Amino acid sequence: MPTPAIRLARFTGRLLLALAAIATLVVVFLALIALTNGAGSGLAAWLTTLGAGAVLAMWRGRRRTWPARLVPFLSVVVAAALTATVCIPTVPTVRRYPPALPFVATQHWSLATGSRVAVYHYPPTNPGSRHPIPFVYLNGGPVRGMSVLDHRFLQLLARQGYDVYAYEQAGGGRSDLLPMGQYTISRSVRDLAAFVDRLDKGKVDILGFSSGGAVLTRALTDPSVAARLHRAIIAEPGPMDGPTARITGHKGRKSARGLAPAMTGPRSTHVPRYAVAFSLMRLGLLTPDTGLIGQAEGDNAFTTADLGSDTASAYCAGDAHRIPAEDTTQNFSFSPAASLRVQQTVKDSPSIAPLLRQSRTPAMLMIAECSSQVRQWATAILADDLAIQRTQYLPGVGHHVWNGLDDNNDRAAAVITAFLQDKPAPLPDYPTRDEIPTFLRDHK
């Protein structure tokens, strides 16, 4: 009779074999998800894995007595249960748009491009200092709803006499979705031109932030679009083209990434279906139009907590323990698949530097001290856009320049309004075009 130690060793060996079989089937399932691009909400990969597991279990049990033949199937059942969670939606698969904001009306405009976008208007509340040229804001994302922090900043500009308009780019926030193949950086530029045409108030001043800054930069290279712009403000821009996107340079001063408390709240990445889908998309193993999850489902699933350290990276290290709530749970909206699709079209685009050198639209560049953006994304624009009249390096702020802390909103507004009114800049013109090499060498 086997001793207890021998029985324990046998049991341990069988358990390890069962766990190895389960792990193997899970890996096979994930590989098939990638190979089939998640076809049929992952069911194609699941059924294939289940079939392969069943065949393997029958082969392993072929020489056993009848009850013992069922033992190998236990691993298949466990693996099938684990992988089935990747195939079952846990949020609505039809787009669930954010509710209306209590402090501003949401309009919906149909543009000539076919996009239907959510529009917000803040009329000037100080008639005595009203500015005649409309002001348009392009938020970042690329495909993301406008945050409450952004709305508060636009309200500040309206109180200073600006007629402020903003729209959420197609697929973001309360704007209608597009077919996945239509999300491109070129479409974003065409939508901008169509929005200004739909506004029908002549030339506009425009502020583009983050990826919105990249859209604005590319708009300056198209004479037909640039003709609609009076003055352009490029704030904390993303990469403007493929060569710029491939630059691996340094970023600004230390941000709060890794220092701020972890964000609380539910995360889609704690649900197997969305953890697998978003991870494989980020790795390039699933395309944005994957059959695993639809665009609407992915938008509904993604939460503020999913941004994690990305939010902290938009603030200086010294602000790590006082990062404001940028948005409400109800208002937050981010489209991970559409954003990846737009970013990929930027990476695939040729250099726009020769066209940017021909721009004649008066422009200003805003750079944050603790920026989480690669510095060369901004300096490449500064080097090639000869119409940039001033650069404003804002100390004490991170990527989200107008963050509601201290007097940061007022300082950002002062920089913007001084440029729009052609008044002396409140900050030194730094870095200038000639100072770019020193600026990069000193890791400013």
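Data block above holds the structure.
Description of the structure in this document. Residue indices follow the written sequence of each chain, beginning from 1 at its first position. Given that the model is predicted, a residue must reach a pLDDT of at least 70 before its local features are reported, and side-chain atom pairs must reach 80 or more before they are shown or counted; all residues, however, enter totals for whole chains, interfaces and linings. To obtain the side-chain values, all non-hydrogen atoms of the structure were used and water was disregarded.

1. Structural notes on the overall build of the protein chain
- Helix and strand definitions follow DSSP, with helices as H or I runs of at least four residues and strands as E runs of at least two, each counted in order from the N terminus. Assigned secondary structure in the protein chain consists of 17 helices and eight strands.
- Reported as C-alpha extents along the three principal axes, the dimensions of the protein chain are approximately 95 × 45 × 45 Å.
- With a 1.4 Å probe rolled over the protein chains alone, any residue whose accessible area is under 20% of its type maximum counts as buried; one over 50% counts as exposed, and the rest are partly exposed. The buried share of the protein chain, reckoned over its 444 residues, is 52%.
- Working rule for contacts: check all heavy atoms of both residues, and any pair within 4.5 Å makes them a contact. In the protein chain, 80% of the contacts between residues at least 6 apart in sequence involve partners at least 24 apart.
- Only four residue types enter the tally: Lys and Arg on the positive side, Asp and Glu on the negative side; His and the chain ends are excluded. Each charge is placed at NZ for Lys, CZ for Arg, CG for Asp and CD for Glu. Computed over 44 positive and 31 negative side-chain charges, the separation of the two mean positions in the protein chain equals 13 Å.

2. Concerning the nonpolar core
- Counting 42 residues, the largest nonpolar core has Trp109, Val136, Tyr167, Leu192, Phe195, Ile206 and Leu365 as the members making the most contacts within it.
- No other element matches the eight residues that helix 6 (residues 185-199) contributes to this core.
- The criterion is simple. A nonpolar core is a set of buried Ala, Val, Leu, Ile, Met, Phe, Trp, Tyr and Cys residues joined through side-chain atoms within 4.5 Å. Among the nonpolar cores identified, the runner-up in size contains 33 residues, and Tyr122, Phe153, Ala166 and Met366 belong to it.

3. Comments concerning the packing of aromatic side chains
- Only Phe, Tyr and Trp rings take part, Trp by its six-membered ring, and two of them pair if their centres are within 6.5 Å. Stacked means planes under 30 degrees apart, edge-to-face means over 60, and tilted covers everything else. As enumerated under the stated definition, the model contains 13 aromatic pairs in all.
- Between Phe302 and Phe332 the ring centres are 6.5 Å apart and the planes differ by 25°, which places this aromatic pair in the stacked class. Of this pair, Phe302 sits in the loop between helix 11 (295-301) and helix 12 (309-312) while Phe332 sits in the loop between helix 12 and helix 13 (336-347), and the two are 30 residues apart along the sequence.
- Taken together, a centroid distance of 5.6 Å and an interplanar angle of 75° make the contact between Tyr430 and Phe439 edge-to-face.
- Clustering of aromatic rings is evident, with ring pairs tying together Tyr274, Phe278, Phe302, Phe332 and Phe334.
- Either the NZ atom of lysine or the CZ atom of arginine qualifies as a charge over a ring when it sits within 6 Å of the ring centre and within 35 degrees of the ring normal. Its guanidinium or amino end placed over the ring of Tyr97, Arg95 lies 5.1 Å from that ring's centre, counting from NZ or CZ.
- Just above the ring of Trp109 sits the side chain of Arg198; from NZ or CZ to the centre is 4.5 Å.

4. Some remarks on the environment of Leu19
- Its place among the elements puts Leu19 in helix 1 (residues 4-36).
- Exposure remark for Leu19: the relative accessible area of 47% places this residue in the partly exposed category.
- Put simply, Leu19 and Ile206 are 187 residues apart on the chain and 58 Å apart in space, counted from C-alpha to C-alpha.

5. Some words on the packing of helix 5 (residues 148-159) against helix 16 (residues 408-420)
- Every axis in this analysis is a line fitted to C-alpha atoms, fitted for helices over the stretch in contact. Angles between the N-to-C directions lie between 0 and 180 degrees. Look at helix 5 against helix 16: their axes get within 11 Å of each other, and the N-to-C directions meet at 55°. Classified by the interaxial angle, the pair formed by helix 5 and helix 16 is oblique. Here the hand of the crossing between helix 5 and helix 16 comes out right-handed. Of the residues in helix 16, those touching helix 5 at Phe153, Leu156 and Leu157 are Asn409, Asp410, Ala412, Ala413, Ile416 and Thr417.
- Each residue belonging to the contact of helix 5 with helix 16 can be placed in one class, and the counts come to six nonpolar, two polar and one charged. Note on terminology: angles under 35 degrees are roughly parallel, angles over 145 are roughly antiparallel, angles of 65 to 115 are roughly perpendicular, and the others are oblique. Handedness of a crossing follows from how the near helix is turned relative to the far one, being left-handed for an anticlockwise turn of less than a right angle and right-handed for a clockwise one. Any residue that is not Ala, Val, Leu, Ile, Met, Phe, Trp, Tyr, Cys, Pro, Asp, Glu, Lys or Arg is counted as polar, Gly included; the first ten are nonpolar and the last four charged.

6. Quick notes on the pairing of strand 5 (residues 204-209)
- Among the six residues in strand 5, six count as buried, and that is most of the element.
- Of the two faces of strand 5, both are covered, the one formed by Val204, Ile206 and Gly208 as well as the one formed by Asp205, Leu207 and Phe209.
- Where strand 3 (residues 135-138) lies against strand 5, four bridges are found, and the strand directions are parallel. Across the sheet, the residue bridging to Leu138 is Gly208, located in strand 5.
- We call two strands paired when DSSP finds no fewer than two bridges between them. Here six bridges tie strand 5 to strand 6 (residues 229-235), and the two strands are oriented parallel to one another. By the bridge assignment for strand 6, Asp205 is matched with Arg231.

7. Observations regarding the state of the cysteines
- Throughout, a disulfide means two cysteine sulfur atoms within 2.5 Å of one another. This structure, assessed with the given rule, holds one disulfide.
- Bridging Cys316 to Cys370, the disulfide has an S-S length of 2.1 Å. Between Cys316 and Cys370 the disulfide shows an S-S torsion of about 95°. By sign, it is right-handed. With Cys316 in the loop between helix 12 and helix 13 and Cys370 in strand 7 (residues 363-370), the pair connects residues that are 54 residues apart, well separated along the chain.

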